[in-house]
Amino acid sequence: MAQTAGEERIKKIRFEMVKSSVEFLATDRTTFKEVKKEKCLNCTNNTQLEAFIDENKIIGAKEKLDEWEALLPITSKDSLMESSLKEFKKRILASITGGARSYRTKGEAYETYTETLDSLIASHRGEEASIVPVTGSAQETATAQTEQAYTSGVTSNTLSNQMNASSIFAFLPDITTDTAYILMFILLLGILFLWWRLLVKSKELKHLHDEQNRLQVKEQKERFNVEKSQKDLQQANEKLAVSEKERAILEEDLRAERDRNRRLEEQSLPMATAATPPIPKAINTVRYARYADLGDGFSAQELLEKEDSETIFVLNLIDETTAIFKISENAEAQQYALTNTSYFLGKTSHYDHFPSGHSSIHTVEPGELKLKDSKWLIIKPVKISFS
């Protein structure tokens, strides 16, 4: 009877430790949000404790009951009872406060809970309770095998494996190991699917990137061709404008040449015998003119004896009726002539190309003049060039 009472006392201590553990789980309102009460005041067996678990929806606690039931066998040796209960406490604490559940150790309920466990463990000393088999050699054999397995570490290895499995899934809510493996398998499938989608998206993005680069290169080529065409068109327009100016100069020169030829033909006709008024003999044989003031010649009365910055032409009087003329070498006079080339040089000169605003004028061949009345008529324009 003493042995039976001791066995019942150890079982009761273990049940109270399990009940205290379930009640401690009920204090975790973060995980179990539908808990109605934290104490199972009338619980005296596992059936009532399971009802308490269902009522407060402490998910995973029933699995813990089965796990804790298998954790530690009852030993019949007094010397091992306290160490067995302490190991039992250690395993329970690891299963509900280890890993990601370590936050449960920071509340006031944890201190009270551990003190309760220590008090229950110490209570076994109040009465000796050696567990001896009641009858039968089969039970003696089973008890001996249990003690041998405990002392040899078989139970310790089993508990270690269970704790390793629990620590792997410590980040999960209180669920069974099989459910955890199923969730891990589903998570792995999800990762593989996401990896496959990432590969597909990467190929699509690479294709789009290559296509974008191709279109950019094509656009750059087209833009270059358009800019080149616009530049060519601008150059062609500039050349056309220069050609138009040169054509206008040539037409003006042609018109002036026709006028001179007509005048020469008129001079070749028999002239009246009326005497030409004598021209006073010039003091100097060199005279200067700013421009052909009569269009096709120079007025004798407007010739100057001294040059200035606006005397474009230099006339050398050979005799009273013949003279030659050229462009002045005075730089200021030349620049003055270039301010309006068509007006100052168009009817008096021949040149091959249109000058720029900063050209120098060179007389290639002097022009010829004939005096008619008081007008020095241009018989031959001066031939000039620009540099």
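Residues numbered from 1 in each chain as written. Predicted model: local features only at pLDDT ≥ 70, side-chain atom pairs only at ≥ 80, totals over all residues. Heavy atoms only, no water.

A. Local environment of the sheet that holds strand S9 (residues 382-386). Taken together, three strands build an open sheet; the order of strands is S5-S9-S6 and the sheet is mixed. Across the chains shown, the open sheet's two edge strands, defined by having one partner strand only, are strand S5 (349-350) and strand S6 (361-365). As defined by bridge partners, S5 adjoins S9 across two bridges and the pair is classed as parallel. Residue pairing across strands places His350 opposite Lys383, the latter belonging to S9. (Pairing = 2+ DSSP bridges. Helix = DSSP H or I, 4+ residues; strand = E, 2+ residues; numbered from the N terminus.)

B. Examining a negative patch on the surface more closely. A grouping of Glu50, Glu63, Asp66 and Glu69 is seen on the molecular surface, where their side chains present a negatively charged patch. Considering each element in turn, the negative patch owes the most residues, three residues, to helix H3 (residues 61-69). Mapping Glu63 onto the fold places it in helix H3. Residue class for Glu63 comes out partly exposed when judged on its relative accessible area of 36%. (Patch = residues over 30% accessible without salt bridge, like charges linked within 9 Å, V, L, I, M, F, W, Y side chains within 5 Å. Areas by Shrake-Rupley, 256 points an atom, 1.4 Å probe, with all protein chains shown as cover. Salt bridge = Lys/Arg side-chain N within 4 Å of Asp/Glu carboxyl O. Lys, Arg positive; Asp, Glu negative; His and termini not counted. Charge placed at Lys NZ, Arg CZ, Asp CG, Glu CD. Buried < 20%, exposed > 50% of the residue type's maximum accessible area, 1.4 Å probe, protein only.)

C. Region of the structure containing the sheet that holds strand S1 (residues 286-289). Strand order in this open sheet of six strands is S1-S3-S4-S7-S8-S2, and the pairing throughout is antiparallel. Both edges of this open sheet fall to S1 and strand S2 (297-299), since each of them pairs with a single strand only. Sheet twist, expressed as the mean angle between neighbouring strand axes with direction ignored, is 30°. Here four bridges tie strand S4 (residues 322-327) to strand S7 (residues 367-372), and the two strands are oriented antiparallel to one another. (Axes fitted to C-alpha atoms, helices over the stretch in contact; angles between N-to-C directions.)

D. The arrangement of the pattern of salt bridges in detail. The full count for this structure, using the stated rule, is 21 salt bridges. The salt bridge partner of Glu365 is Lys380, with a shortest N-O separation of 2.2 Å. Of this pair, Glu365 sits in strand S6 while Lys380 sits in strand S8 (residues 375-380), placing them 15 residues apart in sequence. The class for Glu365 is partly exposed, based on a relative accessible area of 33%. Among the ionic contacts, a cluster of salt bridges with common partners joins Glu244, Arg247 and Glu251.

E. Highlighting a nonpolar patch on the surface. Together, Ile182, Leu183, Phe185, Ile186, Leu188, Leu189 and Leu192 line one region of the surface with nonpolar side chains, adding up to about 670 Å² of accessible area. Residue position: Leu192 is located in helix H8 (residues 177-268). Among the residues examined, Leu192 registers a relative accessible area of 45% and is labelled partly exposed.

F. Focus on unusual backbone geometry. Of note, the phi angle at Lys57 is positive, near 50°, even though the residue is not glycine. If you trace the backbone, Lys57 turns up in the loop between helix H2 (46-56) and H3. Notably, Asp373 is not glycine yet its phi reads approximately 55°, a positive angle. By secondary structure assignment, the location of Asp373 is in the loop between S7 and S8. For Asp373, a relative accessible area of 60% puts it in the exposed group.

G. Here's a closer look at the nonpolar core. Within the largest apolar cluster, 32 residues are counted, with the highest numbers of intra-cluster contacts made by Met17, Val22, Leu49, Ile58, Trp68 and Tyr113. Elements with a minimum of two residues in this core: helix H1 (2-26), H2, H3, helix H4 (78-97) and helix H5 (108-122). If you tally residues by element for this core, the top one is H1, at nine residues. Setting aside residues up to four positions removed in sequence, Ile58 forms contacts with Val22, Leu25, Ala26, Phe32, Val35, Phe52 and Ile53. Counting 25 residues, the second-largest nonpolar core is a separate cluster that includes Phe298, Phe313, Leu315 and Leu371. (Core = buried A, V, L, I, M, F, W, Y, C linked by side-chain atoms within 4.5 Å. Contact = heavy atoms within 4.5 Å.)

H. Quick look at the packing of H2 against H3. Interaxial distance between H2 and H3 falls to 9 Å at its minimum, and their mutual angle equals 150°. For the element pair H2 / H3, the angle class is roughly antiparallel. Of the residues in H3, those in contact with Asn46, Leu49, Glu50, Ile53 and Asp54 of H2 are Ala61, Lys62, Leu65 and Glu69. (Parallel < 35°, antiparallel > 145°, perpendicular 65-115°, else oblique.)

I. Quick look at the pairing of S4. Bridge count for strand S3 (residues 313-317) against S4 is five bridges, and the pairing is antiparallel. By the bridge assignment for S4, Leu315 is matched with Phe325. Joining the antiparallel neighbours S3 and S4 is a turn of four residues.

J. Spatial organisation of the packing of aromatic side chains. Per the stated rule, a full pass over the model turns up ten aromatic pairs. Both rings, one in Phe24 and one in Tyr113, keep their centres 4.5 Å apart while their planes meet at 5°; by these two values the pair is stacked. With a gap of 89 residues between them, Phe24 in helix H1 and Tyr113 in helix H5 connect regions that are remote in the sequence. Accessibility classification places Phe24 together with Tyr113 in one group, the buried group. (Phe/Tyr/Trp six-rings, centres within 6.5 Å; stacked < 30°, edge-to-face > 60°.)

K. Representation of the confidence of the model for the protein chain. Model confidence for the protein chain is summarised by a mean pLDDT of 80, while 78% of its residues fall at 70 or above. Here residues 127-167 is a poorly scored stretch, pLDDT under 50, and it has 45 contacts once near neighbours within four places are set aside; other chains count. (pLDDT = per-residue confidence, 0-100.)

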